[in-house]
Amino acid sequence: IAATGIVPADFLASSGADSRASRIDIEANTLCAVLNDLTFDFHFDASNMATLWVFVGPRLVVSARLHPLRSVDRLRMAIRRGDLVASPLALLNHLLGDQADELQRMVRTVTERVDDIEDQLLASRRGPRDPGELMRLRRLLVRLHRLLTPEPTALARTLSSPLSWMQPDDLHRLHRSSEEFALVIRDIGALQDRARFVQDDIAARATRANAKLLFAVQGVLLGA
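This one's a predicted model, so the numbers in the text were calculated from it and none came from an experiment.

Colleague: It is not clear to me how the pattern of salt bridges should be interpreted in this structure. Could you clarify?
Modeller: Where charged atoms of side chains with opposite charge meet at close range, the side chains can pair. Applying the stated criterion across every chain yields a total of 13 salt bridges. Notably, a salt bridge pairs Arg 74 with Asp 101, separated by 3.0 Å at the nearest N-O pair. With Arg 74 in helix H2 (residues 70–81) and Asp 101 in helix H3 (residues 88–123), the pair connects residues that are 27 residues apart, well separated along the chain. Among the residues examined, Arg 74 registers a relative accessible area of 25% and is labelled partly exposed. The exposure class assigned to Asp 101 is partly exposed, which follows from its relative accessible area of 36%. Residues participating in the shared-partner salt-bridge network are Arg 70, Arg 74, Asp 98, Asp 101, Glu 102 and Arg 105.

Structure, rendered in structure tokens:
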């Protein structure tokens, strides 16, 4: 593909680089997208994010990745089941939909974990069973929010200047993908704020507990 010049040199040069913020660029009547997704073996850690590079032309889609990704696997299984993809842009739309679904599933699971941590705080003065879990979840949410926030804007920019080979149905689905991502990012931002509030509560409880302990130790020393 590189020798034929079908894929822009910038796409080939950028593929394989470290993970970066999502974006979609228009180059010479084609789309070059950099997307971030959950790895196939995702286990709620900030390092479980990887980059997918996608080149979309009028009759061609080329993707590159260094790690197995959940959305790509969902797309592969859908096509194996017989789902029809009428155009290259329809394939990208399917991939974006799978990506949004996986992110929504992750948000629901993280929400349940934060709920559980809050319940532990209400039931015990000692705090959560795993104090480090909330910090790991916060790091994940911060990384997700930073990497994914540019994606809806990039999709909207593509919609504002559609290429000649883009069909109306594909553009409509791309608009829906933009709206879905905006909702996902909003949910991630809200959950990020909630996790910060819970962590602040944990820190305040620890400060009060340490102050009481210090006061008790001082009392013992003075009494001695």
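Next comes the rest of the write-up.
Colleague: Explanation requested: the sheet that holds strand E1 (residues 23–27) in the structure shown.
Modeller: Where strands meet in a sheet, backbone hydrogen bonds hold them as pairs that are either parallel or antiparallel. Pairing is antiparallel in the open sheet, where four strands are placed in the order E1-E2-E3-E4. Single-partner strands in this sheet number two, and they are E1 and strand E4 (60–65). Here the strands of the sheet are splayed against their neighbours by 20 degrees on average, with no regard to which way each runs. In the sheet, strand E3 (residues 49–57) pairs with E4 via six bridges, with the strands oriented antiparallel.

About the criteria used
Residues numbered from 1 in each chain as written. Predicted model: local features only at pLDDT ≥ 70, side-chain atom pairs only at ≥ 80, totals over all residues. Heavy atoms only, no water. Salt bridge = Lys/Arg side-chain N within 4 Å of Asp/Glu carboxyl O. Helix = DSSP H or I, 4+ residues; strand = E, 2+ residues; numbered from the N terminus. Buried < 20%, exposed > 50% of the residue type's maximum accessible area, 1.4 Å probe, protein only. Pairing = 2+ DSSP bridges. Axes fitted to C-alpha atoms, helices over the stretch in contact; angles between N-to-C directions.

Remember that the coordinates give geometry; whether it matters functionally is a separate question.
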